[in-house]
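Close look at the chain arrangement
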Amino acid sequence: MKAVTVIPLKAGSTELSEVDEPPESDGPILVETLAVGICGTDAEIVSGAYGWPPPDRERLVLGHESLGRVLEAPAGGPVSKGDLVVGIVRRPDPVPCANCAVLEWDFCRNGLYTERGIKQHDGYLSERYRITPDFVVKIDGALGVLGVLLEPTSVVAKAWEEVDRVGGRAHWDPQRVLITGAGPIGLLAALIGVQRGLEVHVIDQMTSGVKPDLVRDLGATYHTGAVADACPSPDVIIECTGVASLVLDAMSHVGIGGVVCLTGVSSGGHVLEVDEGALNRTMVLENVAVVGSVNANRRHYEAAAAALAKADPAWLGRVVSRRVPLERWADALDRNPDDVKVIVEVNPA
Ligand code: BGC
């Protein structure tokens, strides 16, 4: 079968390869891949900056934001032939650590977890894949191809859970949230904020195009310019860019007792001048909490499925801004200014 594969840490090595059918050892459920979303992590892997091949192999099958249709499944299990499904990305470490042992693999403590399409386990950007029942999530068939947004939505569902848990350290009645970045993660974080009835502000550098419209059509407010001017003293900031200056701005401008949740991954190498004393003083005297958040466990996939089911399908359809066929996979990695979520269509839905 065909698969997009890469030699991790080797730029220019990504290709459409002919690979073996998925191994039975990956699980009894056989899935036909319909679509795979592309994100910054894939771009990093393709650029040679991130990723790990499976043991004893040179190449890794790319792709972790999946949508597929079940071809074969054992009777009496959680999914049946024809169901639309999404594969969970992370697998617990084999030890397992205390967190993986209770299925909170997103908090793996020893780093020995694997991730499909990223770390030591083939991804989903192949014509078919196999999976075990505990790592497959069934989605509402009505979502169709929009189900490909489940994985990025699971990442923001986890971020919101972090915000709730950290905010809940004292009386917590948030009203206003600022999201930095109007990419797919920022937009999906804004969607959940609006669904929670919050006053949602989104800041991004694009002054025109689809992003401002998507934010406004959610009922949120779109800003460009400085964080301080966009939204004074928000209760919550969800940072979705990884841009170092925005991370610092978020920490300095969140409201008293506020929570900053960092979801963007910075590339490093950006040294900023910062008055650490003033930052420390504000954070301490104002009880500011900053929490990093990565990945998602099954509970977050389920929360994400509920959020997508409640969302306007026409709005979600505009978040999926470009679709490319498998043969032209490389086009999906070329960023266009108006791209939001670009997906590779593997088999026709
Ligand atoms: C994925 C996460 C993963 C993270 C780090 C993100 O793009 O959505 O599932 O844990 O990359 O590898």
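Let's shift gears to the packing of helix α3 (residues 150–167) against helix α9 (residues 298–310). Between α3 and α9, the shortest axis-to-axis distance is 8 Å and the interhelical angle comes to 105°. By the angle class used here, α3 and α9 are roughly perpendicular. Within the contact between the two elements, α3 uses Leu 150, Glu 151, Thr 153, Ser 154, Ala 157, Lys 158, Glu 161 and Arg 165 and α9 uses Arg 299, His 300, Tyr 301, Ala 303, Ala 304, Ala 305, Ala 307 and Leu 308. Counted by class, the contact of α3 with α9 contains eight nonpolar, three polar and five charged residues.

Moving on, we come to the state of the cysteines. Using the criterion set out here, one finds zero disulfides in the structure. Among the cysteines around Cys 97, which has no disulfide bond, Cys 100 carries the closest sulfur, lying 3.7 Å off. With no disulfide of its own, Cys 108 lies closest to Cys 100 among cysteine sulfurs, the gap being 3.7 Å.

Glancing now at the sheet that holds strand β15 (residues 236–239). Across the sheet, which stays open at both edges, the six strands sit in the order β14-β13-β12-β15-β16-β17 with parallel pairing between neighbours. With one partner strand each, in any of the chains shown, β14 (221–223) and β17 (289–292) form the two edges of the open sheet. Here the strands of the sheet are splayed against their neighbours by 20° on average, with no regard to which way each runs. Its contacts with the sheet put α3 on β12 (176–180), β15, β16 (259–262) and β17, and the angle it makes with β16 is roughly 150°.

Quick notes on the rules
- Residues numbered from 1 in each chain as written.
- Predicted model: local features only at pLDDT ≥ 70, side-chain atom pairs only at ≥ 80, totals over all residues.
- Heavy atoms only, no water.
- Axes fitted to C-alpha atoms, helices over the stretch in contact; angles between N-to-C directions.
- Helix = DSSP H or I, 4+ residues; strand = E, 2+ residues; numbered from the N terminus.
- Parallel < 35°, antiparallel > 145°, perpendicular 65-115°, else oblique.
- Contact = heavy atoms within 4.5 Å.
- Nonpolar A, V, L, I, M, F, W, Y, C, P; charged D, E, K, R; others polar.
- Disulfide = S-S within 2.5 Å.
- Pairing = 2+ DSSP bridges.

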